[in-house]
Amino acid sequence: MTPKASKLQSTSDQPEQGRVPLRLIYAPAADESAAWEYGQYVLGETRFEPAPTAIYEKEFNHPLVCVPTQQLLGPPVKEYWLSPTPVEYRRQADIRFGHNEQVLFGYTQFSLPASGASLEKQIRRRYDTMLKLLRSQGYAHLMRVWNYLPRIGDEIEGMECYRRFCRARHEAFERLYEDLIPNLPATSVLGTSGTDLQMVFLAGRTSPHHYENPRQVSAYHYPQKYGPKSPLFARATSVRWSCEETLFISGTASIVGHESRHRQDAGAQAEEILRNIEALIAHVAASIRTASPGLGGIGHLRVYLRNSSDLGTVRQIVEGRLSAPTQVAYLQAGICRRELLVEMEALLSLKNPPN
Ligand code: 3EB
């Protein structure tokens, strides 16, 4: 047996009680054997490269997201969300998904329409379809959403694409949820160089906990100057399993209150972002009465840079504040406000507090 398969085996040998229903692995992008070894234990996969070869699509059943973006440092990685039990795969209404007993990984994409009105209509429709599908499948609770949005900063008929996205998402959520705020999940919205809007989501059967950042105004309460309808997302979402808690930290920018800080200074923005994330982790840990692991507790970190030339500066700051076991991916991406150059998102495991 290969080392990877045996590792997986020992995970599945654990009693049901002690298993986490989803865990993230970074694997070398060049290593196609990983997909074979993880086989039907893959809930979903994300790569940071343009569309796959046709062969790849035929060989694997799991949802494969190919984000047309550039990884800026180190050997290219791909992300696998792994399940401790075999995954069931389906495709319905343009949404591909893989699920086990507790969680669902879904993926949908569509070509971004050129006109403002049809762009918003398509986004509303896709969110509507996605939320209805989750309900009908019994995974009604969104835990994490990634939106990859081409032309994020472009004006389309006088309004920024990101603002149109926010309005369309807002209208879709408003229609489907009676009580909005308790249902908003951790989210990221990044610009890509592609032509398709890509939406990736993790959902579960039970209601997760959502958190706001004590240093920031909740995005859903942003004033109108940032767009006609506020961005609907939580700063973080955590899901409690029997043995531990999974904490998803949303895309986090150099925003304090609701204002951007350190315009056009990537290094200072990176430092502000790390203060934001640190404060958020401490806030969540205090809420669940466990000791804060701090930034050192981050398992996986994605660092998005508008300009690849800022890599050296930002990397030095990140490496100075994080501990060695954190897996970091530096990616080139568009960011929602013009003056923002950096954004980061994180994934952590938190120990459940002693009873
Ligand atoms: C911000 O805090 C930065 O619209 O879903 C980060 C994460 C941002 C998610 C979203 C936007 C979103 O406003 C931008």
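Before reading on, note that the structure itself is shown above.
Quick caveat: nothing in here was measured; it's all calculated off a predicted structure.

Conventions adopted
- Residues numbered from 1 in each chain as written.
- Predicted model: local features only at pLDDT ≥ 70, side-chain atom pairs only at ≥ 80, totals over all residues.
- Heavy atoms only, no water.
- Pairing = 2+ DSSP bridges.
- Helix = DSSP H or I, 4+ residues; strand = E, 2+ residues; numbered from the N terminus.
- Axes fitted to C-alpha atoms, helices over the stretch in contact; angles between N-to-C directions.
- Phe/Tyr/Trp six-rings, centres within 6.5 Å; stacked < 30°, edge-to-face > 60°.
- Buried < 20%, exposed > 50% of the residue type's maximum accessible area, 1.4 Å probe, protein only.
- Right-handed = clockwise from strand over helix to strand, strands pointing away.

J.: Got a minute to help me understand the sheet that holds strand S2 (residues 42–47) in this structure?
T.: Strand-to-strand pairing in sheets goes through backbone hydrogen bonds, with the strands running parallel or antiparallel. Strands sit in the order S1-S4-S2-S3 across an open sheet of four strands; the sheet is mixed. Edge positions in the sheet fall to strand S1 (23–28) and strand S3 (64–66), since each of these pairs with one other strand and no more. Taking each pair of neighbouring strands and ignoring which way they run, the sheet shows an average axis angle of 20°. As paired strands, S1 and strand S4 (residues 77–82) are joined by six bridges and run antiparallel to one another. In the sheet register, Leu24 faces S4, and the bridge partner there is Trp81.

J.: Please explain the packing of aromatic side chains as it appears in this structure.
T.: Given two aromatic rings, one states the distance between the centres and the angle between the planes to describe the pair. With the rule as written, the count across this model stands at eight aromatic pairs. With a centroid separation of 6.3 Å and 65° between ring planes, the pair formed by Tyr127 and Phe165 is classed as edge-to-face. Here the residue Tyr127 occupies a position in helix H4 (residues 116–137), and Phe165 occupies one in helix H5 (residues 161–176), the gap between them amounting to 38 residues. Taken individually, Tyr127 and Phe165 each receive the classification buried, so the pair is uniform in this respect. Note on Tyr162 and Phe165: the rings are 6.5 Å apart at their centroids and 20° apart in plane angle, and the pair reads as stacked. Of this pair, Tyr162 and Phe165 both sit in helix H5, three residues apart, roughly one helical turn.

J.: I would appreciate a short explanation of the pairing of strand S19 (residues 327–332) in the present structure.
T.: On a regular strand, one side chain projects to one face of the sheet and the next to the other, so that they alternate. As paired strands, strand S18 (residues 298–305) and S19 are joined by six bridges and run parallel to one another. Residue pairing in the sheet places Leu301 in a bridge with Val328 of S19. In this region the chain leaves S18, passes through helix H7 (residues 311–321) and returns to the parallel neighbour S19; the handedness of that crossover is right-handed.

Read these as geometric descriptors, not functional statements.
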